[in-house]
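The primary structure of each chain is shown beneath.
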Amino acid sequence: MNTALNIALPKGRLGEKAYSLLKSSGFSCPALEDPGRKLIFENPEKNLRYFWVKPSDVAIYVERGAADLGIAGKDILLEYAPDVYELLDLGIGKCRMAVAGKENFREPTGQTLKVATKFPNITRNYYAEKCRDIDIIHLNGSIELAPILGLSHVIVDIVETGVTLRENKLQVLEQILPISARLIANTASYQFKEAAIGHLCRRLQEQKEGSL
Ligand code: PRP
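Residue numbers here run from 1 along each chain, matching the order of that chain's written sequence. In view of the model being predicted, local features appear only for residues whose pLDDT reaches at least 70, and side-chain atom pairs are presented and counted only at 80 or more, with totals across whole chains, interfaces and linings using the full set of residues. Only heavy atoms go into the side-chain values, all of them from the structure, while hydrogens and water stay out.

It is worth spelling out the packing of helix H1 (residues 13-24) against helix H8 (residues 194-210) at this point. In helix packing, the relevant descriptors are the interaxial angle and the interaxial distance, both defined with respect to the helix axes. Taken N-terminus to C-terminus, the directions of H1 and H8 make an angle of 100°; their axes are 9 Å apart at the nearest point. Classified by the interaxial angle, the pair formed by H1 and H8 is roughly perpendicular. Residues Leu21, Leu22 and Ser24 of H1 lie in contact with H8, whose contacting residues are Leu200, Leu204 and Gln207. Considered class by class, the residues forming the contact of H1 with H8 number four nonpolar, two polar and no charged. Where helices are involved, their axes are fitted lines through C-alpha atoms of the stretch in contact, as for all axes, and angles between N-to-C directions lie from 0 to 180°. What counts as a helix is a DSSP run of H or I of at least four residues, what counts as a strand is a run of E of at least two, and both are numbered from the N terminus. Working rule for angles: under 35 degrees goes down as roughly parallel, over 145 as roughly antiparallel, 65 to 115 as roughly perpendicular, anything else as oblique. Any pair of residues with heavy atoms lying within 4.5 Å of one another is described as a contacting pair. Classification convention: Asp, Glu, Lys, Arg as charged; Ala, Val, Leu, Ile, Met, Phe, Trp, Tyr, Cys, Pro as nonpolar; all other residues, Gly among them, as polar.

What follows is the structure, encoded as structure tokens:
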């Protein structure tokens, strides 16, 4: 049986922050610090294995057991509702989900609101609660272009620093919810590797509290 803890990290800025938190909590992996184009990194001494995966895929690796643990944004967890355990709010990758539009935006009357987004489920749920009819335009990136080019009236997207909105003359119109990165676990691994997962979780929690 594979006893190593397999951890899926999201490629990019969030993954780097997450690894640095793991490292300072005692879960370093020197091979990962000089990655080249490799995607899998092991630390046999600590019985750890890390993978870099696309941020939106972390939950899939964890849900299906290819990884025991993963770091995923709350946005991904809400959007895909994977069957995983959410163990800890890591307090990193903080941003918000918001509705944004042009600076002079006026709600169109008598028309279905056209909303461009990478997050169709979050968007559908948000507007369903407000009983507002919408037409979702599902894009994969550069969402801010949609209202500028007349593809949509508004967007639902992540806002972190607000620079992308500002530089494209858009503004937040409504806040939907705050987002941060979560430690998630495969439900079977959580039972079979309970001691190792519990230890990692406690160390991360202590490290998080120490840095507050
Ligand atoms: C995200 C998001 C916004 C931007 C917000 O995009 O979709 O475009 O970051 O960040 P800011 O408020 O700090 O400017 P990402 O970088 O993931 O690129 P994408 O739009 O191509 O997905």
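Hydrogen bonding along the main chain pairs the strands of a sheet, whether they run parallel or antiparallel. What makes two strands pair is DSSP finding at least two bridges between them. If you trace the five strands from one edge of the open sheet to the other, you get E8-E7-E9-E6-E10, paired in mixed fashion. On the outer flanks of this sheet lie strand E8 (134-138) and strand E10 (170-179), each paired with one strand and no other. Across the sheet, the mean angle from the axis of one strand to that of its neighbour is 25°, orientation sign disregarded. Taken together, the six bridges between strand E6 (residues 95-102) and strand E9 (residues 154-159) define a ladder with antiparallel strand orientation. Within E9, the residue paired with Ala98 across the bridge is Asp157. Helix H4 (residues 120-129) rests against E6, strand E7 (113-117), E8, E9 and E10 of the sheet, and its axis sits at about 170° to E8.

What follows concerns the sheet that holds strand E4 (residues 69-73). On the basis of which strands lie adjacent, the open sheet formed by six strands has the order E2-E3-E1-E4-E11-E5 and mixed pairing. If you trace the sheet from one side to the other, it starts and ends with strand E2 (40-43) and strand E5 (85-89), each paired once. Taking the axes of each pair of neighbouring strands and ignoring which way they run, one obtains an average angle of 25° across the sheet. Where strand E1 (residues 5-10) meets E4, two bridges bridge the pair, whose relative direction is parallel.

Only a single heavy atom is needed: when it lies within 4 Å of a molecule or strand, its residue is near that molecule or strand. The full set of residues close to the ligand is Lys118, Gly141, Ser142, Glu144, Asp157, Ile158, Val159, Glu160, Thr161, Gly162, Val163 and Thr164. Within the side chain of Thr161, an N or O atom sits 2.5 Å from an oxygen atom of the ligand. In the model, an oxygen atom of the ligand is placed 2.7 Å from a nitrogen or oxygen of the Gly162 main chain. Methods summary: accessible areas were calculated by the Shrake-Rupley approach with a probe of 1.4 Å, and residue burial reflects only the protein chains presented. Contact with the protein chains covers 65% of the free accessible surface of the ligand, which is 500 Å². Residue assignment for the shell around the ligand shows that the elements contributing at least two residues are E9 and helix H6 (163-167). The term polar contact refers here to a pair of N or O atoms within 3.5 Å; inside protein, the definition further demands a hydrogen-donor-capable atom paired with an acceptor-capable atom, and it admits residues adjacent in sequence only when both atoms are side-chain atoms.

This part covers the side chain of Ser28. Here Ser28 shows up in the loop between H1 and E2. Classification of residues uses two cut-offs on accessible area relative to the type maximum, computed with a 1.4 Å probe and protein chains only: under 20% is buried, over 50% is exposed, and between them is partly exposed. The exposure class assigned to Ser28 is buried, which follows from its relative accessible area of 18%.

Attention now moves to the environment of Lys74. Relative to the helices and strands, Lys74 is located in helix H3 (residues 74-80). Residue Lys74 is classed as buried on the basis of its relative accessible area, which comes to 18%. Spatially, the C-alpha atom of Lys74 lies 26 Å from that of Ala4, the residues being 70 residues apart in sequence. The residues contacting Lys74, other than those within four sequence positions of it, are Glu86, Ile179, Ser180 and Arg182. Within the structure, the side chain of Lys74 is placed 2.9 Å from the side chain of Glu86, a separation counted as a polar contact.

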